[in-house]
Every structure is written in structure tokens, then in C-alpha cells.
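Residue-level structural notes
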Amino acid sequence: MKIRTKNDLEKMREKGLKNLYPKETKVSVGMATCGLSTGADKVYEAIQDEVEKGKLPIQLAQTGCIGFCQREPVVDILEPGKPRVFYQEVTPDRAKELIHRWLKNEVVGDWLLCKMEKEDWIAEDRVQDYPIRQIPKGIDGTPSYHQVPFYNKQLKIALRNCGFINPDHIEEYVARGGYISLYKALFEMKPEEIIEEVKRSGLRGRGGAGFLTGNKWETCRRAKGDQKFILCNADEGDPGAYMDRSILEGDPHSVVEGMIIGAYATGAHEGFIYVRNEYPLAIQKLLIALQQAEEAGLLGDDILGSGFSLKINLFRGGGAFVCGESTALMASIEGKVGEPRAKHIHTTESGLWDKPSNLNNVETWNNVPIILSRGAGWYSKIGTDQSKGTKVFSIVGKVKNTGLIEVPMGITLREIVYDIGGGVPDGKKFKAVQTGGPSGGCIPESLINLPVDFDRLTEVGSMMGSGGMIVMDESTCMVDVAKYFMDFLKGESCGKCTSCREGTKRMHEILTEIAEGRGTMDHIELLKELGWVTAEASLCQLGGTAPNPVLSTIRYFQEEYEEHILHKRCPAKVCRALLQYRILSNVCTKCGRCAKVCPVKAITGKKKTKKETGEPFSIDAKKCIKCGMCFETCKFEAVEVQ
Amino acid sequence: MEVSKIDSIIEQYGARESALLAILQDIQAKENYLPKDALEYVSQKMHIPLVRIFRIATFYNALSLKPRGLHKIDVCLGTACHVRGGSKILEKIERDLGVSVGETTKDNRFTLESVRCIGCCSLGPVAVVDGKVFGRLGQDKVSGLLKEFK
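Everything numeric here is computed off the predicted structure, so don't read it as measured data.

Okay, the overall build of chain B next. A count of helices and strands for chain B gives seven helices and four strands. If you list the helices and strands of chain B from N to C, you get α-α-α-α-β-α-α-β-β-β-α. Along the first, second and third principal axes, the C-alpha atoms of chain B reach 50 × 30 × 25 Å. Contacts in chain B between residues at least 24 apart in sequence constitute 59% of all its contacts with a sequence separation of at least 6.

Set out below in C-alpha cells:
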């Protein structure tokens, strides 16, 4: 269906609404990568089989991720007249049972994540109520969506549609207010007005550096050139951050719409989306979205009859972290190796093929339609003075509730880690949060009340980056973390600047010395000096920020470095060369499980049986490779690590 | 690799330098790696010096000049997987298969590689086998996982 008028858009919306809220029961399975990794595809098939076999009055749908990835596979059921329910950790067997029970107006309370009585349509400031006439049996005691601690402090702008629409259906995106901003931009606003609105919103780039988006657009619009490019950075390389993947897999049209608006505002007629090779599902969803947008007349020549034309191409990356850097990304699209260049001239003036090019990341583009539909005034009320709006964070690592969260800027780390994340599991002690990927740093417990925004994170020696937050507990070694990042960076440094290529390698060597018990106190000073040189003498920000993981861990956890150096001890019990495994004979129950799993047969003893009393097991330190299998296997905590 | 297959890949994208990465990825998708003769042919056909093609082929992690096994295992070593023991998963697979990361088993069944982050951080440690993602792994689950692909 080609859209030419506002009426056409309304018609598409009606079609989408019928998909979203059918008359019969609708069962949706979250099938983003996180869902699939826990067997959502098998759950989907099981439900499909059951529906076909029993000719059940159920419509089955696929959707993205609603953020609580840890509880995947998530299945939600929606039926007119009843509250919507979300099931967590669904297996194929459970799926079959829960749909049969639903048809008998029952739920299995223990398997429920939450119920929902209304949906927020943030794009248009509307609330979609579910008129409730019937309460399923067994639902008492199930918390509402906003009562679940994981969700109650969240405000979803970027993740507005993830988990609520089928990403393959453009109509569903339109139904929840999609492409309305594009219409407004093309027919009711001049490019300069759009730029002004984005400037007034205070939106800063969500990819890392936090540059003001509106200012960037303005420079690109003013840049001289017959041809300009619009680019989307979907090369989300920071390990531990995956909001862009989730947006692309769950709501690809939001990014496409943002890009079309941006292209119109800056005067570009061709665009590229540079997606990581590691995100095959995101690529697949984007290709479908681009094709649908073209078929609907939202991309291509004479968009919506406005006279404005834009072509967007998808470019698949080659698995190089450095290509997330703007100039490297552009070099990669040009068919060269992804090496950054000096940015004396900004890419907004001379970027891709030396033409003015405007690059923003996925989450930034995705925010744009909402800024236009709700207005800069509304948007800029959210967040802090210098950091407006919300930010998506992936809260992962040693935390009870892991997943993607979206919160207003300025929320404290404590609220993120404890209120939303539920704190550290297994009764362990919280140690630090790592933010900003390999360019960021580790923030210690003493700064847990830090309000999270672009500037405050930079002040404490870390950075926002793309929003990865890896929680670390007492069993995470900070020397090991620094070593891990240097290993990452020495592998991903493109090698153009000696300071970065050699600096990261040397820092990794020194950290290895420390981790293996050969460190000296001079090493700490040497690391600081090397870090300084690496940062100062490298062309791009990858090198410029490379020492951050080392410097921030020294800044906040120097005593842990000193333990390794002076006492040859790893307090977190991670650095293998310094560890010793032994079995406490008075605790050992002689079950023999440790000996069974030991890959090098370093454990001997005699198993206790009905006839024999057995002998406690022990580890031959010479044979032991310190893999930790015995430690993980022993149910009686008889294996001790020192 | 058959010349006609390479021709059709090049035709699909056009013989532009900017399509080189995509062309190499498609060749690899068909052949499992980048055979030397295919690269030589691409060089002639697209008028791009072979040295430049090799530079691309060796720069990007996704491209391989070595043949890979029947099944490809990528163990995620992103930060979240790392703090939850991703490297122990990798070592367990190394021990079980008798290869080091980057190598292929003698029977050509498995190629073991590591990946920087696949963005499935909530469910780490994670590994990908033939494109299928397996979350919530532990050392104890490795043998069972490998058996699925025997």
C-alpha cells in the first residue's frame, strides 16, 4: 500500500490496530536474540503445533524483547476484556499448558512475570486501556507491569515499541504512532525548524561522545556540497551493550523514520546503515523494514508526494570494533580497511567520499520521531541540565535482574543497581560498575549515589559510551578486568598509531605480569605513564580512551593491585597463577563428584559407598590446571580456593 | 570456487570498491572461507590490486583465509560473559575438542573461535554454534552442547 496522504497513513494505522488488538486471543512470543538463545523458537513451535492440532481460537505472533532478557523466553497473552499477562521463562511444555488454561480463563500465577491493564503510547501521549470485564482465575497476587521493581522506575521512549509490535509489520509501527512525525516534518516543518527543534530538545548523541545532535545536523546542513550523506552507526561494539541490537530487532522502523527526518533536515539524499556482522537478526529485520518503507512510499523517490527523495542502503560490517569510530566507519563503507583519520575537518563537512555526512547512532535516530511528535519542550523536561531525555542501559554481569532498562538521565547508580537490578546475587558484596565499554572505567561503591549522565560519568573517569553497565562483585578482580580490556583493545586496535598499537600491548603485558605474581610497584607508575602517552598520541578516540580501564581501576582499586604485587594474592580469587585449590577433608563427603569432573585427573580419594567408609578426596597441586570444575561441582563447599 | 558463482556475486553488488567487503562476505558464506583463487579472480575482475584485497581479508575478523570446519563455534568473550566465566567455557571447549581457539579439529567437524560480544549479555556466558545462540552456559553444559552437533 502506497501512502500519499494523511488519510492513507490512518488507513494503515487501522490495519495495524487490528493486528495489534485482534478480536480473538493473541499470544506473542519474544523472539529477539535473547529470547532465541533460551529457546523461544521451540516455544513458538510448540504453541503453533498446539493451535493447529486443536484448531484453537488463538492468533500467534512474534515480537521483540520487553527488556527483561533474563526472564526469557517471555510469552504474552492478550484477549479483549482481560488484563494482558506476561509469562516468563516459558518452556515448550509450559507454553502448551498455559494456553489451554487461558482458554479456560485461568492463569498459572507462579509462572507469571506481570499483568498489564494499560499500555502507554509515548509517541502520541496516549494510553491504551484494556477494558477489563473478566478476571482470569489465579491472577491474584500478580504484580502489574509498573509494580515490578525492574520496570517501575523506567520511562520507555527509545524502547517504546520493543516487545509490543511485530517488527516485521510496518502497520503495527504506524498503529502506535509511527511515521506521523515524518509526515509532520515533510509537510508542516522547514528543515531549519526541525534542526531548531532537535537543538531545543537538548538531545545528545547516544553512541558515546554525547555531541549535541541538533548542532551536528546544523553543521551538516550548512556544509557546502552537491551531495550529502546520512549515516546510522549500528556497529555497536562496546562489549556489554546491546540496546541497538534490541531496537533494531524489535522496532527497526523507528530508526528508519528518524533517519528520513534527519536526511530531510540536513539535505541528504542517500544514506547508509552500518550494522555489525555479529547481529544477523538485526540485519534481517532492517532489510524487511527498508523494503516495506520503500513499498509504502516512505523511502525512495518523492516520499509521500513531498518531492523529497532518499535511498537508504544497509552495509554489513566485517567484525572490527574500530569501525564504530566515525571516520573508520566511513572508510569501511568506501571499501577500505576501517582505519580512522584525524578529524581536523569534521565529517559533517567532509565525510563519506569527502562529502558532508551526518552520522548518528541507532538510539539517537530512534529518539528523533518522538522529539517531533511530543515536542522539544516535553522532551527537554526529562533528564538533567546538560543531559536530556532518557538513556537505555544494559544492566548485566553480577546483578540479580539483568536486561535492558530505559531511565531518565540523572537517576543514581544506586537506583539502577539495587532498585532495578535487585543488587548482587548469592549474597556477595557489590564492588563496581563498569560503564562505557573499553573506553570507560570502573566506578567504585563509594560513588554509588552518582547521578548518571554524560558529564558526571566523565568526571569520575568513566564515560557513558553506548550504555553498557557491567556490575561487578567481590569475585571480580579489577586487575583481571583491566587486563581483559587491554587484551580486547590490543586485538581491536587498527594499528595505525604506534601509541595505541604498542601502548595497549605493553599495558597488557604489564598487567599479565601483575596478574601472574611478577609485578613490582614500579609497574603501577609505568602503567599510568603508558596510559597517558597512549591517550595523548593516538588519532582517534579508541586510542584516546584506551587507558581508561587501567587508569580508573588504579584510581579506585590501587590496593587490589598492591595485593597482587606485594602479597602475591588475588583477593577476588580470579588470577589463576596466584590461586591454589584444595579440598577440606573435614567437609568432604567423599561423594567423588569432583574427581569425576576433573579434566586432568588431579583429584584422588575413595568414594564412600554402603560397604566402605571411603577416604576424603584431595587435589594434586602439580597436576591441577585450576579450571575450577571441582569448585563449581562440589555441593558441600568442600573445595577451597586460596 | 566456480568462476560463474563469483561473477553472479559481483554482479549483484556491482564491481565497485565499496562493495568489496560484501562480496568477500558472500564468497565466504558459500565457501566457508576465502579461497586464494577466488580472491585472485575478484582482483582481476574488479581491477583491484590483490594486495588491497588481502589487506581487507586480513583486517576484518569476520573473514578467514583458512578453511573452517563443518560447525563453527564462537564463544562470546564480551565483558558480561567474561565476568561470568566466559573464558572458562572457552577453555572447557578447547579441552573437549583438543584444539586451541582459532583452530579446527582434525576431523574437520568444529572450528573454535571467540567473538568480542554478540549482544546477548543478559544471558551470559553465551556461545554461538552455526549461528544459533546458546545462553546461560556453564562448564557442565559444554559436553551436552557439543554432542548436539556431533
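Let's shift gears to the interface of chain A and chain B. Many authors give the size of an interface as the accessible area that is lost as the parts come together. If you look at the interface, chain A gives 45 residues, while chain B gives 39 residues. A total of four residues in the side of chain A that touches chain B trace back to one element, the largest contributor, which is helix α2 (residues 33-37) of chain A.

Our focus in this paragraph is the environment of Thr-142 of chain A. All names here are of chain A. For Thr-142, the location among the structural elements is in the loop between β7 (126-129) and α5 (149-152). Thr-142 sits 421 residues away from Glu-563 along the chain, and the two C-alpha atoms are 48 Å apart. Beyond its immediate sequence surroundings of up to four residues, Thr-142 is in contact with Gly-109, Leu-112, Cys-114 and Lys-115.

The subject of this paragraph is the domain arrangement of chain B. Domain boundaries in chain B define domain 1 (3-59) and domain 2 (71-148). Look at where the C-alpha atoms of domain 1 of chain B and domain 2 of chain B centre, and you get two points 29 Å apart.

Before going further, it helps to examine the nonpolar core. Counting residues in hydrophobic clusters, the biggest one holds 223 residues, and the most contacted among them are Ile-260, Tyr-274, Leu-298 and Ile-416 of chain A together with Val-126 of chain B. Here this core gets nine residues from one element, more than from any other, and that element is helix α18 (residues 478-492) of chain A. Excluding residues that lie within four positions of it along the chain, Val-126 of chain B makes contacts with Ser-37 of chain A together with Cys-76, Cys-81, Ile-118, Cys-120, Val-133, Phe-134, Gly-135 and Leu-137 of chain B. Counting 16 residues, the second-largest nonpolar core is a separate cluster that includes Cys-588, Ala-595, Cys-598 and Cys-634 of chain A.

All names here are of chain A. Pairing within the open sheet is parallel, and its four strands lie in the order β10-β9-β8-β11. Bordering the open sheet on either side are β10 (311-316) and β11 (357-361), each of which pairs with just one other strand. Neighbour-to-neighbour, the strand axes of this sheet turn through a mean angle of 20°, independent of strand direction. Here five bridges tie strand β8 (residues 229-234) to β11, and the two strands are oriented parallel to one another. Bridging from a neighbouring strand, Leu-231 pairs with Leu-359 of β11.

Considered domain by domain, chain A is made up of domain 1 (19-142), domain 2 (179-379), domain 3 (390-473), domain 4 (478-566) and domain 5 (580-641). For domain 1 of chain A versus domain 4 of chain A, the separation of C-alpha centres amounts to 48 Å.

The subject of this paragraph is the packing of helix α8 (residues 191-201) of chain A against helix α14 (residues 362-374) of chain A. Residues and elements named next belong to chain A. At their nearest, the axes of α8 and α14 sit 10 Å apart, and the two run at 100° to each other. As far as their axial angle goes, α14 and α8 are roughly perpendicular. Side by side, α8 and α14 meet where Glu-197, Val-198 and Ser-201 of the first sit next to Val-368, Ile-371 and Leu-372 of the second. The residue inventory of the contact of α8 with α14, partitioned by class, reads four nonpolar, one polar and one charged.

What follows deals with unusual backbone geometry. Cis geometry marks the peptide bond from Glu-72 of chain A to Pro-73 of chain A; its omega dihedral reads -5°. With respect to the element layout, Pro-73 of chain A can be found in the loop between β2 (58-63) and β3 (75-78). With an omega dihedral of 0°, the bond running from Gly-124 of chain B to Pro-125 of chain B counts as a cis peptide bond. With respect to the helices, strands and loops of the structure, Pro-125 of chain B is situated in the loop between β2 (110-115) and β3 (127-129). At Asn-105 of chain A, a residue that is not glycine, the phi angle is positive and equals roughly 60°. Owing to 14 C-beta atoms within 10 Å, Asn-105 of chain A belongs among the partly exposed residues under this scheme. We note that Lys-573 of chain A has phi near 60°; this positive angle belongs to a residue other than glycine. A residue is classified by how many C-beta atoms lie within 10 Å of it, and Lys-573 of chain A, with 19 of them, is partly exposed.

Another aspect to go through is the packing of helix α19 (residues 498-515) of chain A against helix α20 (residues 521-537) of chain A. Residues and elements named next belong to chain A. One way to put it is that α19 packs onto α20 with a least axis distance of 9 Å and a crossing angle of 160°. As the angle between them shows, α19 and α20 are arranged roughly antiparallel. Remark: the crossing between α19 and α20 carries left-handed chirality. Together, Ser-499, Cys-500, Gly-503, Thr-504, Arg-506, Met-507, Ile-510, Glu-513 and Ile-514 of α19 and His-523, Leu-526, Leu-527, Leu-530, Gly-531, Val-533, Thr-534 and Ala-537 of α20 make up the contact between the two elements.

A regular strand carries its side chains on alternate faces of the sheet. All names here are of chain A. The pairing of strand β6 (residues 118-121) with β7 spans four bridges and is classified as antiparallel. Pairing of Trp-121 across the sheet is with Arg-126, part of β7. Hairpin connection, β6 to β7: the antiparallel pair is bridged by four residues, and Asp-125 has positive phi, about 55°.

For Gly-491 of chain A, the location among the structural elements is in helix α18. When the C-alpha positions of Gly-491 of chain A and Leu-182 of chain A are compared, they lie 42 Å apart, and in sequence the two are 309 residues distant.

By the secondary structure assignment, Arg-109 of chain B is in the loop between α6 (86-97) and β2. Every residue in contact with Arg-109 of chain B, bar those within four places of it in the chain, is listed here: Gly-69, Leu-70 and His-71 of chain B.

Another aspect to go through is the sheet that holds strand β16 (residues 468-473) of chain A. All names here are of chain A. The strand order across the open sheet built from five strands is β13-β12-β16-β14-β15, with neighbouring strands paired in mixed fashion. Single-partner strands in this sheet number two, and they are β13 (403-408) and β15 (441-444). Averaged over all pairs of adjacent strands, the angle between their axes in this sheet comes to 30°, without regard to strand direction. Where strand β12 (residues 390-397) meets β13, six bridges bridge the pair, whose relative direction is antiparallel. Looking at β13, one finds that Ile-395 is bridged to Gly-403.

Criteria and thresholds
- Residues numbered from 1 in each chain as written.
- Chains lettered and ligands numbered in written order.
- Predicted model: local features only at pLDDT ≥ 70, side-chain atom pairs only at ≥ 80, totals over all residues.
- Helix = DSSP H or I, 4+ residues; strand = E, 2+ residues; numbered from the N terminus.
- Contact = placed C-beta atoms within 7 Å.
- Domains from an automatic or database assignment.
- Core = buried A, V, L, I, M, F, W, Y, C linked by C-beta atoms within 7 Å.
- Buried ≥ 20, exposed ≤ 12 C-beta atoms within 10 Å, placed from the backbone.
- Pairing = 2+ DSSP bridges.
- Axes fitted to C-alpha atoms, helices over the stretch in contact; angles between N-to-C directions.
- Parallel < 35°, antiparallel > 145°, perpendicular 65-115°, else oblique.
- Nonpolar A, V, L, I, M, F, W, Y, C, P; charged D, E, K, R; others polar.
- Left-handed = near helix turned anticlockwise from the far one by under 90°.

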